[in-house]
Amino acid sequence: MGKARAHPDQLGFGFEPPVMATGVAVLAGLERRICTTVGVILNSEAKPREVIAAEMSVLLDEEVSRAMLDAYASPARIEHKVPMSRFLALIAVTNRHDLLDPIVREIGAALLVGAEVHTARLGHIERQIAALREEHKRIAGSAPLIRSSGNDG
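The text that follows walks through the structure, step by step, so that each part is easy to find. Just so we're clear, the structure is a prediction, and the values are computed from it rather than from any experiment.

1. Regarding the overall build of the chain
Then, in step 1: Helix and strand counts for the chain stand at six helices and zero strands.
Then, in step 2: In the chain, which comprises 153 residues, the share counted as buried stands at 27%.
Then, in step 3: If you take every contact in the chain between residues at least 6 apart in sequence, the share linking residues at least 24 apart comes to 67%.
Then, in step 4: Working note: accessible area of the chain is about 10,800 Å², and carbon and sulfur atoms make up 60% of it.

See below:
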């Protein structure tokens, strides 16, 4: 198997809302897709698998070997399911958030990485400001002046 193309240094985020996973067998084959993703990550990574395994071992405080990574990446070895902790550790040590996003979209979620959360927060604040402006406009049309003490000038 040849090397997969290396990822760009940014996540290609799609702004269309992901569809919630409902229905019969909508997540069937997810483990195979995760194994395929592990293979893509390992085949596109410049670091040797032994180094990736060592870095994952440090993050998880448990032994991860090259042989385990090879087994997780093999579509033929379906008995070697990738534990979520190890999959996420692999994403972390290889910085392949671009390949995690499509998987979380399968369950109706989307991935923001690091400070991208601030961008989402800004959008939320803007929506709150717009709602307050709308409320202000609605109330301003019917709000009387507050009685003055007569000392206003």
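2. A few points about helix α2 (residues 49-60)
Owing to its 3.6 residues per turn, the α-helix brings residues three or four apart onto one side.
Then, in step 1: The end-to-end C-alpha separation of α2 is 16 Å, in line with the 16 Å expected for 12 residues at 1.5 Å each.
Then, in step 2: Within the sequence span of α2, burial applies to Arg49, Ile52, Ala53, Met56 and Ser57. Taken around the axis of α2, the buried residues stretch over an arc of 140 degrees, which confines them to a single face.
Then, in step 3: Buried residues belonging to α2 abut α1 (30-44), α3 (66-73) and α4 (84-94).

3. A closer look at the pattern of salt bridges
Then, in step 1: Under the definition given, this model contains nine salt bridges.
Then, in step 2: A salt bridge links Asp70 to Arg66, with the nearest nitrogen and oxygen atoms 3.3 Å apart. With Asp70 and Arg66 both in helix α3 and four residues apart, this pair spans about one turn of that helix.
Then, in step 3: Here Arg66 falls in the partly exposed class, since its relative accessible area comes to 35%.
Then, in step 4: Between Asp98 and Arg96 there is a salt bridge, with its nearest N and O atoms 2.8 Å apart.
Then, in step 5: A single network of salt bridges, built from pairs that share partners, joins Arg49, Glu50, Arg66 and Asp70.

4. Looking at helix α5 (residues 97-105)
Then, in step 1: Burial runs high along α5: seven of the nine residues are buried.
Then, in step 2: Those residues of α5 not exposed but buried are Asp98, Leu99, Leu100, Asp101, Ile103, Val104 and Arg105.
Then, in step 3: Packed against the buried residues of α5 are α1 and α4.

5. Overview of the packing of α2 against α4
A packed helix pair is summarised by two numbers, namely the angle formed by the two axes and the spacing between the axes.
Then, in step 1: Contact pair α2 / α4: the axes reach a minimum separation of 9 Å and the direction vectors enclose 115 degrees. The interaxial crossing formed by α2 with α4 has right-handed handedness. Of the residues in α4, those touching α2 at Ile52, Glu55, Met56, Leu59 and Leu60 are Ser85, Arg86, Ala89, Leu90, Ala92, Val93 and Thr94.
Then, in step 2: A per-class count over the contact of α2 with α4 returns eight nonpolar, two polar and two charged.

6. Digging into a nonpolar patch on the surface
Then, in step 1: Residues Val26, Leu27 and Ile107 make up a contiguous nonpolar surface patch of roughly 220 Å² in combined accessible area.
Then, in step 2: Structurally, the position occupied by Leu27 is in the segment before α1.

7. Some thoughts on the nonpolar core
Then, in step 1: Residues Val38, Met56, Leu69 and Phe87 are the most contacted members of the largest nonpolar core, which totals 23 residues.
Then, in step 2: At the level of elements, α1, α2, α3, α4 and α5 are the ones that each hand at least two residues to this core.
Then, in step 3: If near-sequence neighbours (up to four positions away) are discounted, Phe87 is found in contact with Ile34, Thr37, Val38, Val82, Leu100 and Ile103.

8. Some details on unusual backbone geometry
Then, in step 1: Phi at Ala25 is positive, roughly 60 degrees, even though this residue is not glycine.
Then, in step 2: Residue position: Ala25 is located in the segment before α1.
Then, in step 3: In this structure, Asp61 is a non-glycine residue whose phi angle is positive, near 55 degrees.
Then, in step 4: If you trace the backbone, Asp61 turns up in the loop between α2 and α3.
Then, in step 5: Taking relative accessible area as the criterion, Asp61 reaches 72% and is therefore assigned exposed.

Thresholds applied
- Along each chain, residues carry numbers from 1 onward, in the same order as the chain's sequence is written.
- The model is predicted, so local features are restricted to residues of pLDDT at least 70 and side-chain atom pairs to those at 80 or more, both for listing and for counting; the totals for chains, interfaces and linings are taken over all residues.
- Side-chain numbers come from the whole structure's heavy atoms, not from hydrogens or water.
- Per the convention used, a helix needs a DSSP run of H or I reaching at least four residues, while a strand needs a run of E reaching at least two, with both numbered from the N terminus.
- Burial classification: accessible surface area is computed with a 1.4 Å probe over protein chains only, and a residue below 20% of its type maximum counts as buried, one above 50% as exposed, and the rest as partly exposed.
- It only takes one pair of heavy atoms within 4.5 Å for two residues to be counted as in contact.
- Accessibility throughout is a Shrake-Rupley quantity obtained with a 1.4 Å probe, and a residue counts as covered only by protein chains that appear here.
- What a helix should span is 1.5 Å times the count of its residues minus one.
- Starting at the helix axis, one direction is taken to each C-beta atom, and the arc is that of these directions.
- When a carboxyl oxygen of Asp or Glu is within 4 Å of a side-chain nitrogen of Lys or Arg, the pair counts as a salt bridge.
- Axis lines are fitted to C-alpha atoms, over the contacting stretch for helices. Their N-to-C directions set the angle, which ranges from 0 to 180 degrees.
- Here is the rule for handedness: rotate from the far helix to the near one, and if that takes an anticlockwise turn smaller than a right angle the crossing is left-handed, while a clockwise turn gives right-handed.
- Residue classes follow a fixed rule: Ala, Val, Leu, Ile, Met, Phe, Trp, Tyr, Cys and Pro count as nonpolar, while Asp, Glu, Lys and Arg count as charged, and any other residue, Gly among them, counts as polar.
- Patches here are clusters of residues that have more than 30% relative accessible area and form no salt bridge, with a 9 Å joining cutoff for like charges and a 5 Å cutoff for nonpolar side chains (Val, Leu, Ile, Met, Phe, Trp, Tyr).
- The set of buried Ala, Val, Leu, Ile, Met, Phe, Trp, Tyr and Cys residues whose side-chain atoms join them within 4.5 Å is what this entry labels a nonpolar core.

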